[in-house]
Amino acid sequence: MKHDLIHRMELNGTYAVLDVNSGAVHLLDKPVYDFLGVYDGHNGEAALAALKGKYPEEELREILSELQGLQKEELLFSPDFPVPDTFAEKPVLKSLCLHIAHDCNLRCKYCFAGTGDFGGKRELMSREVAEKAIDFAIKGSQKRHNLEIDLFGGEPLMNMDVVRHVINYARKREVEAGKNIKLTLTTNGTLLTDEIVKFLNDNRVMLVLSLDGTKKTHDYMRPFPDQSGSYEAAVKGFKKVIESRHGHNYYLRGTYTHFHPHFCEDALDMLKVGKELSVEPVVGTDEPYVLTEEDWPILEAEYNKLAAAYLEHRRQGDPFDFFHFNVALDNGPCVAKRLAGCGAGHEYFAITPEGDIYPCHQFVGREQYKMGTLDTGIVRPELVQKFRHTHVMTKEVCKNCWARFFCSGGCHANADLVNGDISKPYEYGCRIQQKRLECAIILQALLTEDAREGLGDQRPVIDNFKFQVEKK
């Protein structure tokens with residue numbers, strides 16, 4: 001099967017084409033868009049004949065000439081190139097997720113962690129395990145200077161004593177080891193106090209704040225054990241911490257489900273709290289909240305609406321950030337890095353309160369993926385290699401996809417959950433990712449044109465909408 005060489009896109013009346021291999025993006029008018037629906041880089045006369053009568057022949061021939069000019073510059077229908085060996089060297093640990101608490105004070109209806117216990121018993125990480133985990137990360141990072149540590153749960157603030165201890169220990173060890181450790185903590189916000197906020201701020205801890213949108217949506221999906229809503233308590237904590245750090249070093253992360261697929265309203269309502277947003281689709285198998293085929297047209301429309309709002313806010317000088325609309329089109333990561341993905345199972349691991357090692361936080365509790373313990377180290381090198389060499393160019397579906405140089409092949413944990421195989425991507429998730437990428441690519445191109453014309457939010461200008469592809 002031949003790779004897709006171009007991909008046509010339309011968003012709210014704006015037309016564009018992505019040249020897959022070069023990464024070049026071209027904004028189009030409707031005649032050119034239609035022409036590229038027929039033209040394959042070689043069949044010029046056939047394309048002219050197919051559109052005869054729809055557009056004047058002179059216009060069509062001018063379009064063909066312009067497209068052929070882009071081909072000569074290798075900005076359209078550009079040829080395949082040898083893909084670099086993504087993982088040629090020995091693994092280097094880049095990131096670690098510490099499950100500070102296998103317990104939670106909420107009972108979220110879609111929680112992949114079984115409301116905090118990850119399918120096991122409710123327990124908290126000890127200081128000893130936390131220290132071992134930091135030492136494991138530093139040793140595994142070898143000569144790498146930057147290292148990321150995520151403090152996760154359940155709700156990690158239920159184990160605040162160990163949160164304080166592990167942060168202080170990480171700051172001490174990074175100096176001793178000559179590292180730069182980026183710390184992130186994910187919280188539902190209901191336990192945030194002035195004292196905790198100050199401690200997290202003083203120690204430069206990035207925060208992921210769980211908020212599902214409107215009060216109605218959030219309270220329905222994220223209640224306390226007595227089924228009362230958690231929105232007011234969460235928002236009180238979130239506003240406190242966001243204000244204290246002047247609107248930086250955080251993002252609000254929501255989840256949408258079959259129960260509320262009209263997520264644009266929820267996302268925009270989150271702007272009452274903060275302007276750094278991420279809204280993710282829920283993943284499951286046969287649970288009632290799982291997204292269905294009947295939801296798909298709604299989701300497409302919702303991304304279109306959110307993209308329109310994103311653009312309008314930018315142009316009005318009141319911007320917000322949406323994580324999945326941020327994509328580098330100019331001088332972005334090289335191909336090898338784009339293919340590499342999150343590194344789960346070889347560059348990224350999760351540590352349970354007992355000190356067990358798993359490929360990532362979502363694999364915790366799936367015993368067939370346990371890779372060792374902090375005391376034994378990694379004892380399943382074959383599993384490490386399996387994760388290391390399962391990426392876009394080794395997945396039959398992925399390596400022919402137009403989005404292959406923007407996507408790392410999807411989430412391994414979701415693929416395993418839905419298909420029982422990390423090499424078989426979660427197809428519904430792929431569709432969502434492709435839709436988000438189409439929105440992101442067109443939005444970035446439009447914002448670049450705005451910047452060139454001195455309009456709206458002044459974003460960095462992308463000279464030719466082209467990312468860097470290492471063709472070595």
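Report follows, based on the coordinates.

How each quantity is defined
- Residues numbered from 1 in each chain as written.
- Predicted model: local features only at pLDDT ≥ 70, side-chain atom pairs only at ≥ 80, totals over all residues.
- Heavy atoms only, no water.
- Pairing = 2+ DSSP bridges.
- Helix = DSSP H or I, 4+ residues; strand = E, 2+ residues; numbered from the N terminus.
- Buried < 20%, exposed > 50% of the residue type's maximum accessible area, 1.4 Å probe, protein only.
- Contact = heavy atoms within 4.5 Å.
- Expected span 1.5 Å × (residues − 1).
- Arc of directions from axis to C-beta.
- Axes fitted to C-alpha atoms, helices over the stretch in contact; angles between N-to-C directions.
- Parallel < 35°, antiparallel > 145°, perpendicular 65-115°, else oblique.
- Left-handed = near helix turned anticlockwise from the far one by under 90°.
- Nonpolar A, V, L, I, M, F, W, Y, C, P; charged D, E, K, R; others polar.
- Polar contact = N/O pair within 3.5 Å; in protein donor to acceptor, adjacent residues only side chain to side chain.

## Topic: the pairing of strand β3 (residues 25–28)
Turning to step 1, where the next piece is worked out: Here strand β2 (residues 14–19) runs beside β3; their pairing, made up of four bridges, is antiparallel. Within β3, the position partnered with V17 by the bridge is H26.
Turning to step 2, where the next piece is worked out: In textbook terms, the turn of a hairpin is the stretch between consecutive antiparallel strands, and for β2 and β3 this stretch comprises five residues, one of which, G23, has a positive phi near 85 degrees.

## Things to note about the environment of V282
Turning to step 1, where the next piece is worked out: Within the secondary structure, V282 is located in the loop between β11 (276–281) and α10 (296–315).
Turning to step 2, where the next piece is worked out: For V282, a relative accessible area of 5% puts it in the buried group.
Turning to step 3, where the next piece is worked out: C-alpha separation for the pair V282 and C111, spaced 171 residues apart in sequence, amounts to 9.1 Å.
Turning to step 4, where the next piece is worked out: Setting aside residues no more than four positions away along its own chain, V282 makes contact with Y110, T255, Y256, T257, Y289, V290, L291 and Y426.

## A short note on helix α3 (residues 57–72)
Turning to step 1, where the next piece is worked out: For α3, with 16 residues, the first-to-last C-alpha span of 23 Å sits near the 22 Å given by 1.5 Å per residue.
Turning to step 2, where the next piece is worked out: When we look at burial in α3, the residues that qualify are L60, I63, L64 and L67. The buried residues of α3 occupy one face: seen down the axis, they fall within an arc of 100 degrees. For α3, exposure combined with an orientation more than 90 degrees from the buried face picks out E58 and K72.
Turning to step 3, where the next piece is worked out: Of the residues flanking the end of α3, it is E74, one or two places downstream, whose phi is positive at about 60 degrees.

## A short note on the sheet that holds β2
Turning to step 1, where the next piece is worked out: Strand order in this open sheet of three strands is β1-β2-β3, and the pairing throughout is antiparallel. Each edge of the sheet is formed by a strand with only one pairing partner; in this case those strands are β1 (6–11) and β3. Put simply, the sheet's adjacent strands are angled 25 degrees from each other on average, direction ignored.
Turning to step 2, where the next piece is worked out: Packed on one face of the sheet, helix α14 (residues 427–452) meets β1, β2 and β3 and runs near 75 degrees to β1.

## Side note on the packing of helix α5 (residues 160–177) against helix α6 (residues 194–202)
Turning to step 1, where the next piece is worked out: The geometry of α5 relative to α6 is characterised by a closest axis approach of 11 Å and an angle of 20 degrees between their N-to-C directions. Classified by the angle their axes make, α5 and α6 are roughly parallel. The crossing of α5 and α6 is left-handed. Along the contact surface, α5 presents M160, V163, R164, I167 and N168, while α6 presents E195, I196, F199 and L200.
Turning to step 2, where the next piece is worked out: Broken down by class, the residue content of the contact of α5 with α6 amounts to six nonpolar, one polar and two charged.

## Some remarks on the environment of T390
Turning to step 1, where the next piece is worked out: Within the element layout of this structure, T390 appears in the loop between α12 (381–388) and α13 (412–419).
Turning to step 2, where the next piece is worked out: Looking at T390, the relative accessible area reads 10%, which means it is buried.
Turning to step 3, where the next piece is worked out: For the pair formed by T390 and G343, sequence separation is 47 residues and the distance between their alpha carbons is 10.0 Å.
Turning to step 4, where the next piece is worked out: Polar side-chain contacts of T390 include one of 2.5 Å to the backbone oxygen of K386.

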